Amino acid sequence: MKEAFFSTERLKRIVESDADGEMNDTLRVAQSDIMALLGEYMDIARLDMRVDKAESGYRVTVTADADRIFCVGKICVDEGE
């Protein structure tokens, strides 16, 4: 009986690990895409992306440190700022 319990627990950990692995792979791809998109508008020094479980799904937080923001339409940041 103990063996069945340990096997069940082991399988549960493997499934959770695979789910976490898939989430990490998804985050890496998404972070790469976001970095490419933001890179069109600013000089990104650092990008941090976090996902937390929320009541009705997930909360994705993206924090970007930019050395410079490029001119886009009417939005322009002077080099001296």
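Worth saying up front: this structure is predicted, and the values here are computed from it rather than measured.

Quick notes on the rules
- Residues numbered from 1 in each chain as written.
- Predicted model: local features only at pLDDT ≥ 70, side-chain atom pairs only at ≥ 80, totals over all residues.
- Heavy atoms only, no water.
- Pairing = 2+ DSSP bridges.
- Helix = DSSP H or I, 4+ residues; strand = E, 2+ residues; numbered from the N terminus.
- pLDDT = per-residue confidence, 0-100.
- Salt bridge = Lys/Arg side-chain N within 4 Å of Asp/Glu carboxyl O.
- Buried < 20%, exposed > 50% of the residue type's maximum accessible area, 1.4 Å probe, protein only.

Describing the pairing of strand β2 (residues 57-69)
As defined by bridge partners, strand β1 (residues 42-54) adjoins β2 across 12 bridges and the pair is classed as antiparallel. If you follow R50 over to β2, its bridge partner there is T61. With antiparallel pairing between neighbouring strands as the criterion, β1 and β2 make up a hairpin whose turn holds 2 residues.

Some details on the confidence of the model for the protein chain
If pLDDT is low for a region, its predicted coordinates should not be looked at in detail. Looking at the protein chain as a whole, the pLDDT averages 75, with 63% of positions reaching at least 70. Ranking the elements of the protein chain by mean pLDDT puts helix α1 (residues 2-39) last with 68 and β2 first with 90.

Some thoughts on the pattern of salt bridges
For the coordinates displayed, the defined rule picks out 2 salt bridges. Measuring nitrogen to oxygen at the nearest pair gives 3.6 Å for the salt bridge that ties D65 to R46. Of this pair, D65 sits in strand β2 while R46 is found in strand β1, placing the two residues 19 residues apart along the sequence. When its relative accessible area of 47% is taken as the criterion, R46 is described as partly exposed. Ionic pairing is found between D52 and R50, a salt bridge with its closest N-O pair at 2.7 Å.

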